[in-house]
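Geometric and topological summary
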Amino acid sequence: MSTFNALVVEQIPRLRRYARALTGDRERADDLVQDCLERACSRGHMWQRGTDIRAWLFTVMHNIHANQARRYNNGPDFIPLEDHGSASAVSMNHGSGLELRDLQTAIAALPAEQREVLLLVCVEEMKYEEVADLLEVPAGTVMSRLHRARERLRVLIQGTGRPGLRRVK
Amino acid sequence: MSHRSEPVTDSELHAYVDGQLDLPRRVEVEAYLAEHPEAQERVDEYQMLNQALHRLYDPALKKPIPSALVRAASPRRWSGMAVRAAVAAGWMLFGGVIGGLLMYETGVEERASLVAAHLVRPAAFAHTVYVPEILHPVEVPGDQEAHLVKWLSKRLHTQLQAPNLSGLGYELVGGRLLPSSDRMAAQFMYQDNEGSRVTLYIRRGAWENTETAFRYAREGNVGVFYWIDGPMGYALVGQLEKSRLLRLAELVVR
């Protein structure tokens, strides 16, 4: 196996994590990853050796996903919660901390563009500039999407009650 | 805090949470947070949110990789039909998956320990045995490369090649046949003009049909890059920086 393929294979778990989070569906996620890997391998010559292969692969995947979303623009990844945009509408399990299921539902309710930024920053831990490059939007746009996504999800945390809240320094 | 710096913006609170501020500014933001409980609360909540997102999504990192995905990322040796057939075959939880990547899965773990026991460790050991030799580092010297390669190919029942590493300043010293854990192995030795030596260890193994990426292991004071190609396992061993050893490994597979 060539180095290029080996490097690509190393990224599969992270590509799957992102695809899973992005689509909210296991099978669609793996289809997306598969499309991404096939396209990446058929265009390996377009990756510049020495540059970050993860960023390149995520760009490939983002483009495929964006195209698919455009093609089936009536079938978004999630069934949107009509006008329940605010996560406060999601029932909260008091006392036992943040319910991951509620979080998932709230993420599903985010506009796709906010979801992408939130996931790339908070889960993939990419730098803001990397995210801006990847999505081909200005850095200021990344910040405002991140801000809006976080503010909408923060409601969930606030619903978990003070006693569980610890200051994390 | 008597020292007043630039006012802290919303964006900087996010950057603080995401670890994207430089140190001096981070210190200033912390001072600001100490005086602004409502901002501190927001930062805490953002941090809890980050942690929750990881709890929600990180388990996907540890899921076994369907073999179709590994194949999709492999060199084109498979026809589209074969790939689709494999996809249709669905999830193959324990088979056909790359070594080390999935150490959490027992089947793979066994394979990884097979590779460690029969490839990585013997390769590292053979390296440490022969590399310090002044008089007899190899059995057949590099100036008889054609003979050496023909002989080792015959004994290992496969067509071997002594890769050319001169691009990185390493010349073939020669090679030898070795008894490995349960089979024979070939060892090629290379040396640069400063006397640094690396060895390439090749043998057959029961890891057939697995495809692996380059993997790296440390054995004592030597580093080993190893990979599987069909029935053959390869291990490049050296006492040099990982990045340099990797570049050599890349030359080997070229």
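The shown structure was predicted, so the numbers you read here are calculated from the model rather than taken from an experiment. (Residues numbered from 1 in each chain as written. Chains lettered and ligands numbered in written order. Predicted model: local features only at pLDDT ≥ 70, side-chain atom pairs only at ≥ 80, totals over all residues. Heavy atoms only, no water.)

Some points on the packing of helix α2 (residues 23–35) of chain B against helix α3 (residues 37–57) of chain B
Residue and element names in this part refer to chain B. Relative orientation of the contacting elements α2 and α3 amounts to 115 degrees, with a least axis distance of 5 Å. From α2, Tyr32, Leu33 and Glu35 reach across to α3, where they touch Pro37, Ala39, Gln40 and Val43. Tallied by class, residues from the contact of α2 with α3 come to five nonpolar, one polar and one charged. (Axes fitted to C-alpha atoms, helices over the stretch in contact; angles between N-to-C directions. Helix = DSSP H or I, 4+ residues; strand = E, 2+ residues; numbered from the N terminus. Contact = heavy atoms within 4.5 Å. Nonpolar A, V, L, I, M, F, W, Y, C, P; charged D, E, K, R; others polar.)

Description of the interface of chain A and chain B
In this assembly, 52 residues from chain A lie in contact with 51 residues from chain B. Buried area between chain A and chain B, both sides added, is near 4900 Å², and the carbon and sulfur share of it is 63%. Our count for the contact surface shared by chain A and chain B stands at four salt bridges. Remark: the boundary between chain A and chain B carries 17 residue pairs in polar contact (both at pLDDT 80 or more). At the level of secondary structure, the elements contributing two or more residues to the side of chain A that touches chain B comprise α1 (3–10), α2 (12–23), α3 (26–42), α5 (100–109), α6 (112–123), α7 (128–135) and α8 (139–158) of chain A. Tallying contributions element by element places α8 of chain A first for the side of chain A that touches chain B, with nine residues. Looking at the side of chain A that touches chain B, its residues break down into 27 nonpolar, seven polar and 18 charged. (Buried area = accessible area lost by both parts, 1.4 Å probe. Salt bridge = Lys/Arg side-chain N within 4 Å of Asp/Glu carboxyl O. Polar contact = N/O pair within 3.5 Å; in protein donor to acceptor, adjacent residues only side chain to side chain.)

Remarks on the confidence of the model for chain B
As a general rule, the predicted coordinates of low-pLDDT regions are not to be interpreted in detail. All names here are of chain B. Chain-level pLDDT for chain B is 83 on average; 82% of the residues reach the 70-or-more range. For chain B, the element scoring lowest by mean pLDDT is helix α5 (residues 80–88), at 49; strand β3 (residues 184–191) scores highest, at 96. Confidence drops under a pLDDT of 50 for residues 77–81, and excluding neighbours within four residues, the segment shows five contacts in the predicted structure. Low pLDDT, under 50, characterises residues 88–106; the predicted model gives this stretch 45 contacts beyond four residues in sequence or across chains. (pLDDT = per-residue confidence, 0-100.)

Digging into the packing of aromatic side chains
Under the criterion given, the structure shown has six aromatic pairs over all chains. Taking the centre distance of 4.8 Å and the plane angle of 50 degrees together, the rings of Tyr216 of chain B and Phe225 of chain B count as tilted. Given a relative accessible area of 5%, Phe225 of chain B falls into the buried group. Here the aromatic rings of Trp227 of chain B and Tyr234 of chain B are separated by 5.6 Å at their centres, their planes lie at 5 degrees, and the arrangement is stacked. Residue classification places Trp227 of chain B among the buried residues on the basis of a relative accessible area of 4%. An aromatic cluster of three or more residues is present, and its members are Phe214, Tyr216, Phe225, Trp227 and Tyr234 of chain B. In this structure, Arg54 of chain A packs its charged tip against the face of Phe58 of chain A, placed 5.5 Å from the ring centre. (Phe/Tyr/Trp six-rings, centres within 6.5 Å; stacked < 30°, edge-to-face > 60°. Buried < 20%, exposed > 50% of the residue type's maximum accessible area, 1.4 Å probe, protein only. Lys NZ or Arg CZ within 6 Å of the ring centre and 35° of its normal.)

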